[in-house]
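# A closer look at the structure
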Amino acid sequence: MSKKRLFVKGNEAIALGALAAGCKCYFGYPITPQNDIPEFMSRELPKKGGAFVQAESEVAAANMLLGAVSAGIRAMTSSSSPGISLKQEAISYMAGSELPGVIVNMNRGGPGLGDIGPSQGDYFQATKGGGHGDYRLLVLGPGTVQEAYDLTIKAFDLAFKYKNPVMILGDAILGQMKEPITPWEPEVPEKEAKEWCLEGAKGRPPRVIKSLYLEDGALAKHNLKLAQKYAEMKKEILFEEFLTQDASLIVVAYGSIGRIVKSTIRTLRKQGHKVGLFRPITLYPFPSEALQVLAKEGKKFLTIEHNLGQMVEDVQLAVCPYAQTDFHGHLPGNLPTPNDFEEPIIKALEK
Amino acid sequence: MTEKIMFPKPQVLANRPTHYCPGCHHGLAHKLVAQVLEELKLPEKTICVGSIGCSVFIYNYLLLDTIEAPHGRAPAVATGVKRARPDKFVFTYQGDGDLAAIGLAEIMHCANRGERVSVVFVNNTIYGMTGGQMAPTTLVGQKTTTCPGGRCKDREGEPFKMAEIIGSLGGTAYAARTALNDIKNIQKTKKAIKLAFRAQLEDKGFGFVEILSSCPTNWKMTPLQANERIAKEMIPYFPLGEFKNTLGE
């Protein structure tokens, strides 16, 4: 067990976490603000006997991931918003084919080319499927560099546990921010895919990994199986509650915004305001029940996001009919500071 | 009198009728792939990457571990499989719409990187599965449902010559074009498939074989007329032969 502390960017923490988790193949394509990941992987993965490929496109990178995980190994791709749009084809196929790919999105501003600064504009895309068809990803939203490391390791475990693609949804803040982390080495299961992976049909019937179901009723049966899996994922729900117990107002925020809001909450508490933070860590499945418990206690809610309002819809669904949530959206183009959130929080508290 | 079976059915070829139209060459191409796989003792270590088009059900006919790739992406999927398991034999089986239109970037880069995978490319100058639309390989003047007046060189360009293009790339160890219109060409096709597979097995580089094939249904021809069209119209534009061979034979 390594106890050595490292001072690294969020992007590097994700790459380090992937290596610790036994990632054997990485496929990427340059795009800001996640380039540290492919650069790190191109340098370090071959030293561990793994393979790095700089793909011709995001489309190809995601399809390489699909191929690699079909062989039962741990593999990853990463990108940022416009590139993640291009990966949606393979992500949909991986969901339909029940393949455990890990995809990192260091969210930048959009739509279109947008900007290269931080944003949470991809929440809908990440949590509602993203590509075509009726499917979900497990989505993890780290708020610190240490959490980026920890959740990357978790992403690989969950991907194989559920045979489902997992997305790590960070942003340009998390990717570019440096913080100390304590790396740790998980136990990586051996041959965790031996029951289903492709390795040549030796001494057994051939295996087919596919998402095409043309026979009468076959697709319906398959999609119900997926739905059952998504329901089971609820036991993986993670969230952080900070000073919520006696709070009159709960601020709901995720990722780096959740972490910035935490600083605001600390300041406001010192001023005597009864405010708390609820930070979803799994964005899908969403911690609706925990939010509903707080709503039943009669608390007020304010959702803060780095977009014009996406997660707020999930929060509203969770807290109604016991409460309503207000919304404050920080616009793209700059980094929010804890001060930026004081006024909207006090306003919601006094409403 | 004793009977001797000269060309036994390969074990890896499933014992069931195909869904292919009468006179379609996919079944024949499948059989040749199956024969070569068995002659090289590969079935137990093979991962087949299927594609989208008429051959989407290839796993129903070739009894191999198989993954379905999205349209055009088989070379990228094969890259992922091979990088994950370099000890396995990996090949894709793709049509001309899949490989030469939507998948052009993937095939070019897979070949250029010299991925140790092999590609069987069935070129019948048309989108078969979707009902006979214009393909990137449709011949100038050929009528399809989306070029009803015939492909126009000035409007739609000339057909891609994939074997030549792939043969020009540094990572390619073997690139050839063959046809399935007569016995002689069928035998040559089998040889070419074997060389494209050996390019991978001998760690020489990327292996590619383009097979000129018929689509009587969408060409609106009898199987016999379709075979004649391969000789009279396709081969003059798509010359047969090897465009790269670094295997030393």
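Definitions and cut-offs
- All residue numbers here refer to positions counted from 1 along the written sequence of the relevant chain.
- Written order decides the labels, with chains lettered from A and ligands numbered from 1.
- Totals for whole chains, interfaces and linings use every residue, but because this is a predicted model, local features are given only for residues with pLDDT of at least 70 and side-chain atom pairs only at 80 or more, for both listing and counting.
- Helix numbers and strand numbers start at the N terminus; a helix is a DSSP run of H or I with at least 4 residues, a strand a run of E with at least 2.
- Radius of gyration here is computed from C-alpha atoms only, and the compact-globule reference equals 2.2 Å multiplied by the residue count raised to the power 0.38.
- Residues are scored as being in contact if the C-beta atoms we place from backbone atoms lie within 7 Å.
- Each residue is classified by how many other C-beta atoms fall within 10 Å of its C-beta atom, where C-beta atoms are placed from the backbone; a count of 20 or more means buried, 12 or fewer means exposed, and values in between mean partly exposed.
- One requirement defines pairing of two strands: DSSP has to find at least two bridges between them.
- Every axis corresponds to a line fitted to the C-alpha atoms, with the helix fit spanning only the stretch in contact, and the corresponding angles, defined between N-to-C directions, vary from 0 to 180 degrees.
- Angle categories: roughly parallel below 35 degrees, roughly antiparallel above 145, roughly perpendicular from 65 to 115, and oblique for all the rest.
- Left-handed is the label given to a crossing in which the near helix is rotated counterclockwise from the far helix by less than a right angle, and right-handed is the label when the rotation is clockwise.
- As a working rule, the residues Ala, Val, Leu, Ile, Met, Phe, Trp, Tyr, Cys and Pro are called nonpolar, Asp, Glu, Lys and Arg charged, and the rest polar, with Gly in that last group.
- Segmentation of the chain into domains, including their bounds, is taken from an automatic or database domain assignment.
- Helix span is expected to be 1.5 Å times the residue number reduced by one.
- Looking at any residue, its pLDDT shows the predictor's confidence there, from 0 to 100.
- When buried Ala, Val, Leu, Ile, Met, Phe, Trp, Tyr and Cys residues are joined through C-beta atoms within 7 Å, the set is termed a nonpolar core.

### Let's talk about the overall build of chain B
- A count of helices and strands for chain B gives nine helices and seven strands.
- Over its C-alpha trace chain B gives a radius of gyration of 17 Å, about what one expects of a compact globule, namely 18 Å for 249 residues.
- With the principal axes as the frame, chain B shows a C-alpha extent of 55 × 50 × 35 Å.
- For chain B, restricting intrachain contacts to residue pairs at least 6 apart in sequence, the fraction spanning at least 24 positions comes to 67%.

### Thoughts on the overall build of chain A
- The helix and strand tally for chain A stands at 12 helices and 15 strands.
- Its C-alpha atoms give chain A a radius of gyration of 20 Å, within 12% of the compact-globule value 20 Å for 351 residues.
- Along the longest, intermediate and shortest principal axes, the C-alpha atoms of chain A span 70 × 50 × 40 Å.
- For chain A, the proportion of its 351 residues judged to be buried stands at 56%.
- Contacts in chain A between residues at least 24 apart in sequence constitute 79% of all its contacts with a sequence separation of at least 6.

### Structural notes on the sheet that holds strand β3 (residues 51-54) of chain A
- Read across the sheet, seven strands follow the order β3-β2-β4-β5-β7-β6-β13 (chain A) without closing on themselves; strand pairing throughout is mixed. Looking at which strands have only one partner, the edges of the open sheet turn out to be β3 and β13 (282-284) of chain A. The mean inter-strand angle of the sheet, taken between neighbouring strand axes irrespective of direction, is 20 degrees.
- Sheet topology note: the strand β2 (residues 25-28) of chain A/β3(A) ladder contains four bridges and is parallel. Bridge assignment links A:F27 to a residue of β3(A), and that residue is A:V53.
- Against the sheet, helix α2 (residues 74-84) of chain B contacts β2, β3 and β4 (75-79) of chain A, and its axis sits at roughly 150 degrees relative to β2(A).

### Here's the deal with the sheet that holds strand β10 (residues 239-242) of chain A
All names here are of chain A.
- Pairing is mixed in the open sheet, where five strands are placed in the order β10-β12-β11-β14-β15. Looking along the sheet, the strands with just one partner apiece sit at the ends: β10 and β15 (325-329). Along the sheet, successive strands turn relative to each other by an average axial angle of 20 degrees, direction set aside.
- Bridge analysis of strand β11 (residues 249-252) against strand β12 (residues 275-280) gives four bridges, and the strand direction is parallel. Across the sheet, the residue bridging to V252 is F278, located in β12.
- The sheet contacts of helix α11 (residues 311-319) involve β11, β14 (300-305) and β15, and relative to β14 the element is tilted by about 160 degrees.

### Some words on the packing of helix α3 (residues 58-70) of chain A against helix α4 (residues 81-97) of chain A
Residues and elements named next belong to chain A.
- Where α3 contacts α4, the two axes come as close as 7 Å, and the packing angle between them is 30 degrees. With respect to α4, the axis of α3 lies roughly parallel. Two packed elements cross with a definite hand, and for α3 against α4 that hand is right-handed. Contact with α3, carried on its side by E58, V59, A62, N63, L65 and L66, involves G83, L86, K87, E89, A90, I91, Y93 and M94 of α4 and no other residues of that element.
- Within the contact of α3 with α4, the residues separate by chemical class into nine nonpolar, two polar and three charged.

### Here's the deal with helix α1 (residues 10-20) of chain A
Residues and elements named next belong to chain A.
- When you tally the buried positions in α1, you get 10 out of 11 residues, the bulk of the element.
- Residues of α1 that are buried: G10, N11, E12, A13, I14, A15, L16, G17, A18 and L19.
- Where α1 terminates, the next one or two residues include G22, which has phi positive at roughly 85 degrees.

### Digging into the interface of chain B and chain A
- Residue-level contacts link 29 residues of chain B with 35 residues of chain A.
- Those elements that place two or more of their residues in the side of chain B that touches chain A are β1 (46-50), β2 (65-68), α2 and α4 (104-112) of chain B.
- If you tally residues by element for the side of chain B that touches chain A, the top one is α2(B), at eight residues.
- A breakdown of the residues in the side of chain B that touches chain A according to their chemical character gives 15 nonpolar, five polar and nine charged.
- In terms of strand pairing, strand β9 (residues 208-209) of chain A meets β2(B) through two bridges, oriented parallel. Paired with A:I209 across the strands is B:I67, a residue of β2(B).

### Observations concerning the pairing of strand β3 (residues 89-95) of chain B
All names here are of chain B.
- Taken across its seven residues, β3 has seven buried, putting it largely inside the fold.
- Alternating positions in β3 separate into two faces, F89, F91, Y93 and G95 on one and V90, T92 and Q94 on the other, with burial throughout.
- Across four bridges, the pairing between β1 and β3 is parallel. In the sheet register, I47 faces β3, and the bridge partner there is V90.
- Strand direction decides the pairing type here: β3 and strand β4 (residues 118-123), joined by five bridges, are parallel. Bridging from a neighbouring strand, F91 pairs with S118 of β4.

### With respect to the domain arrangement of chain A
All names here are of chain A.
- Domains assigned within chain A are domain 1 (6-199 + 224-235) and domain 2 (238-350).
- One C-alpha centre belongs to domain 1, the other to domain 2; they are set 26 Å apart.
- Taken together, the contact between domain 1 and domain 2 spans 28 residues of the former and 21 residues of the latter.
- At the level of secondary structure, the elements contributing two or more residues to the side of domain 1 that touches domain 2 comprise α5 (123-127), β6 (138-140), β7 (166-171) and α7 (172-176).
- In terms of residue count, α5 provides more of the side of domain 1 that touches domain 2 than any other element does, four residues in total.
- Here the side of domain 1 that touches domain 2 is composed, by residue class, of 13 nonpolar, 11 polar and four charged.

### Describing helix α6 (residues 145-162) of chain A
- When the terminal C-alpha atoms of α6(A) are compared, their 25 Å separation across 18 residues agrees well with the 26 Å that a helix rising 1.5 Å per residue should span.
- Positive phi appears at A:K163, one or two residues downstream of α6(A), with a value of about 50 degrees.

### Regarding the confidence of the model for chain B
- On average, residues of chain B score 97 in pLDDT, and 100% of them reach the 70 mark or higher.
- Prediction confidence for the complex, expressed as pTM and ipTM, is 0.97 and 0.97 respectively.

### Side note on the environment of B:K88
Residues and elements named next belong to chain B.
- Mapped onto the fold, K88 is located in the loop between α2 and β3.
- Overall, K88 belongs to the buried group, with 20 C-beta atoms counted inside 10 Å.
- Along the backbone, K88 and A100 are 12 residues apart, and their C-alpha atoms lie at a distance of 26 Å.

### What to know about the nonpolar core
- Among the nonpolar cores identified, the biggest contains 170 residues, and A:V251, B:V120 and B:F208 are the most heavily contacted of them.
- A domain-level breakdown of this core finds at least three residues from each of domain 1 (6-199 + 224-235) and domain 2 (238-350) of chain A.

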